[in-house]
Amino acid sequence: MAHTKGRLPVSLRDRARYRFDRTLARSTGTLMGWLILTCLAVVVPVSVLLVWTDPESPDSLSGRLTAAWRTSAETLRLGAISGTPLRMVLSALLGLVALLCVSTLIGVITNSLAERMAELSRGRSTVLEQGHVLVLGWSDQVTTVVGELVAAQAPGRSRAIVLLADRDKTGMEQALAARAGRARLICRSGPPSDPAVLALVSPGTASTVLVLPPGGPASDPEVLRVLLALRAVAGEGPDGPPVLAAVRDDRYRASARLAAGPQATILETDAVTARLVAQCVGRPGLSLVLRDLLDFAGDEFHLTDATAFSGAPFGTALLGHADSCVIGLLTPQGRTLLNPPADTTVTPGSRLIVLARDEAGARPEDCRHLVDPSVISGDRPPPENPARLLMLGWNRRAPLVVEQLRHTARPGSVLDIVTDRQLPGPREPEAETATGTEAEAAQEVDRLAVRFRSAHLSRPETLLGLDLTPYDGLVVLGPDPGDGPDRPDDWTLVTLLALRLLEQRAGGRELRVVSELTDDRNRPLAPVDPGSDVIVSGELTGLLMAQIAQNHHLAPVFDELFAAEGSLLCLRPAGTYVRVGCEATFATVVAAARDRGECAIGYRRHDRRMSAPDYGVRLNPPKGERREWGAGDHVVVVTTDPTVSARTAGTVRASVADTAGEDGVRAPQWPV
């Protein structure tokens, strides 16, 4: 086949296909012409063949042609009138007009349905719900938030969960299908910061509005824009729905608070994560306890009526419930008291803060008869010595972790920080140094000596060359997203693997490692001992938001539990409360903790600390549960750190007063 030099030969088939495609692309009329010709080219020959092979067909040529016409006309729905040519032409014309009208009507209906289905698939239709939970934005926390909201719904009283994010509606539904189950999950697509789009999801009739922080450097400004759009759509009055939002940087907390209104709760995610990391350094297993407390799979905090204990001391309520654990009071003025003194009077109108499976499990029942005073231990917890800690890595939360460690460390403690960055220097506390004296600030710094060292942590030989013998605990912080080509958790997993090898070289010496991950899917991959403290920052924020969304009165409870001052969660040796090797009920442990000014809410078994899924942690056991307490067992208590200075306590009291409204109800701000 002849062809121009330098060009590839073109086959006749390809040329014919090319010409045909060009013909179809010219106009709609051309396409219709080809369709008509194709139909006639198939229908007419086949009709003629059917007539000529039919033994009952007419013998004459005109009769057979008439029969072939009728067969073709019936096939094409053009009518089957025979006779003179004029009648046949008019019949065909009438059939064509009827076919055109019917096909046009079908096309209009099909187009309308297709456009409507496309609009629905884009998620731009109006939501007409009442009392729904509205989630605005898409982030790493969305699967946790939706899953926990579904788990928290009571049978037969499910609420719709409406999600608005600037993503594909079908993609969101597929990503959340496993967590949503059979719950009513309604997804809408569009930017939540656009008031016109936000109005489609009816925020004014929602029971709660959650604003999730998107990823990226513009996360906090985007949250502010969403809050302002919500203010424009739902209004600024007190009748609007409670708003729960999360920001990363504390510089945006005050602005978010102003934009969201007085009924809003603002979580500072980086500060909450840093607090948990710092608390877990000195209290191994604490992250397991908090995870159990925050998810809805087991027991969680509830508010219950305290009428049965009105006028009685708070210590009486500690042994006044068989299937729940009391940890504090909510006063009639809206003030939250965690672990108050046992002689605190329960005033009329107060409510108890309890840990229970559900509200029905918080029925009063006297359990004092279950206490066995003969097995209560007289031992005191050993004093905590100064600790030497090692931090590997640096990210935006690292200065906050250092701040928290300065609050909680025993005087004389040392923190060595090894990072491959330029020596960053931790951020100095602002609130304390601004309101306290220079002597107080110097005393705070003297509690923890911080030393920096630069090293190439990305090299395995650097990690394997570390001497971990003098350290009591280690903290592993991965880089921030976007700091390098690798994902943040990749470096963390490699570092944990090197630490595991160093642990084996040290003869099996158990290292107390607290590590931070950004993706919960990497938790099973972490080469650490089962039950170790692995903190997933996104999951933690999602669990907190779901808990507060269910009950906004619990915000101050979690605020204080995560703070570096005030009441906190601790795991103390069981021998501090009951005699080791003796059988005792949990009511006896509660009584022993009450006498020490603490509220016992559970325990951790030493023999099951490596066993999934609970790793030995059992919260809110029945008061009548009896077991033999071993030397390695620990009791989970809500206590008050005796090392908190008067200056810090005064700061906390001032914060509570400053954030109280006219009715005395505290409007929580994270952190205080």
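Structure first, text after, so check above.
The structure contained in this document is the topic of the report that follows. Throughout this description, residue numbers start from 1 for each chain and increase along the sequence as written. Residue-level local features of this predicted model are given only where pLDDT is at least 70; pairs of side-chain atoms are given and counted only at 80 or more, and the full residue set underlies all totals for whole chains, interfaces and linings. Side-chain measures here rest on the full set of heavy atoms in the structure, leaving out hydrogens and waters.

## Thoughts on the environment of Asp372
For helices the rule is a DSSP run of H or I covering at least 4 residues; for strands it is a run of E covering at least 2, with both sets numbered from the N terminus onward. Inspection of the secondary structure assignment puts Asp372 in the loop between strand 10 (351–356) and strand 11 (388–392). To sort residues, take the accessible area from a 1.4 Å probe on protein chains only and compare it with the maximum for the residue type: under 20% means buried, over 50% means exposed, and anything in between is partly exposed. With relative accessibility at 28%, the residue Asp372 sits in the partly exposed group. Taking C-alpha positions, Asp372 is 7.8 Å from Thr585, a pair spaced 213 residues apart along the chain.

## Comments concerning the environment of Arg357
Mapping Arg357 onto the fold places it in the loop between strand 10 and strand 11. Spatially, the C-alpha atom of Arg357 lies 6.4 Å from that of Glu300, the residues being 57 residues apart in sequence. Any two residues whose heavy atoms approach within 4.5 Å are treated as being in contact. Filtering out sequence-adjacent residues up to four positions away, Arg357 remains in contact with Ala297, Gly298, Asp299, Glu300, His302 and Asn620. In terms of polar contacts, Arg357 uses its side chain to reach the backbone carbonyl oxygen of Ala297, at 3.2 Å. Under this definition, polar contacts are N or O atom pairs within 3.5 Å; protein pairs additionally need one hydrogen-donor-capable and one acceptor-capable atom, and for neighbouring residues in sequence, both atoms have to be side-chain atoms.

## So, the sheet that holds strand 2 (residues 161–165)
Pairs of strands are assigned from DSSP output, requiring at least two bridges between the strands. Spatial ordering of the open sheet is given by 3-2-1-4-5-6, a layout of six strands whose pairing is parallel. Single-partner strands in this sheet number two, and they are strand 3 (185–189) and strand 6 (265–268). With strand direction ignored, the average angle separating the axes of adjacent strands in the sheet is 15°. Across four bridges, strand 1 (residues 133–136) lies against strand 4 (residues 208–211) in parallel orientation. Interaxial angles span 0 to 180 degrees and are taken between N-to-C directions of axes, which are lines fitted to C-alpha atoms, for helices over the stretch in contact.

## A closer look at the sheet that holds strand 14 (residues 473–476)
Strands belonging to one sheet form pairs held by backbone hydrogen bonds; the direction of such a pair is parallel or antiparallel. With parallel pairing, the six strands of this open sheet are ordered in space as 13-12-11-14-15-16. The sheet is open, and its two edges are formed by strand 13 (448–454) and strand 16 (533–536), each paired on a single side. Across the sheet, the mean angle separating the axes of adjacent strands is 15° when strand polarity is ignored. Of the pairings in the sheet, the one linking strand 14 to strand 15 (residues 513–517) comprises three bridges and is parallel in character. Note that in strand 15 the partner of Val475 across the bridge is Val514. Strands strand 11, strand 14, strand 15 and strand 16 of the sheet are contacted by helix 10 (residues 269–282), whose axis makes an angle of about 180° with strand 16. Docked against the sheet, helix 18 (residues 537–550) engages strand 15 and strand 16, running at close to 70° with respect to strand 16.

## Details of the layout of surface pockets
Considered as a void within the structure, the second largest pocket measures approximately 1,000 Å³ in volume. Using only the protein atoms, space was sampled on a 1 Å grid; points where a 1.4 Å probe fits but cannot get out form cavities, open sets with protein on both sides within 12 Å along at least five of seven lines form pockets, and lining residues are those with an atom within 4 Å of a point. Around the second largest pocket, the lining comprises 41 residues; the ones closest to its centre are Asp140, Gln141, Thr518, Asp519 and Gly538. Sorting the residues of the lining of the second largest pocket by element identifies helix 5 (142–152), helix 10, helix 17 (488–505) and helix 18 as the ones contributing at least two each. No other element matches helix 18, which puts five residues into the lining of the second largest pocket. Grid points are joined across faces, edges and corners, and a volume is the space filled by probe spheres set on the points.

## Let's talk about empty space enclosed by the protein
Applying the stated rule across the entire model yields one cavity of 30 Å³ or more. Of the voids in this model, the largest cavity is the one considered here, and its volume is about 40 Å³. Every residue along the wall of the largest cavity is listed here: Asn395, Arg397, Gly478, Pro479, Pro488, Asp489, Thr492, Glu516, Leu517 and Thr518. Those elements that provide at least two residues to the lining of the largest cavity are helix 17 and strand 15. When residues of the lining of the largest cavity are assigned to their parent elements, the largest contribution, three residues, is made by helix 17. The residue inventory of the lining of the largest cavity, partitioned by class, reads three nonpolar, four polar and three charged. Three classes are used: nonpolar for Ala, Val, Leu, Ile, Met, Phe, Trp, Tyr, Cys and Pro, charged for Asp, Glu, Lys and Arg, and polar for all others, with Gly counted as polar.

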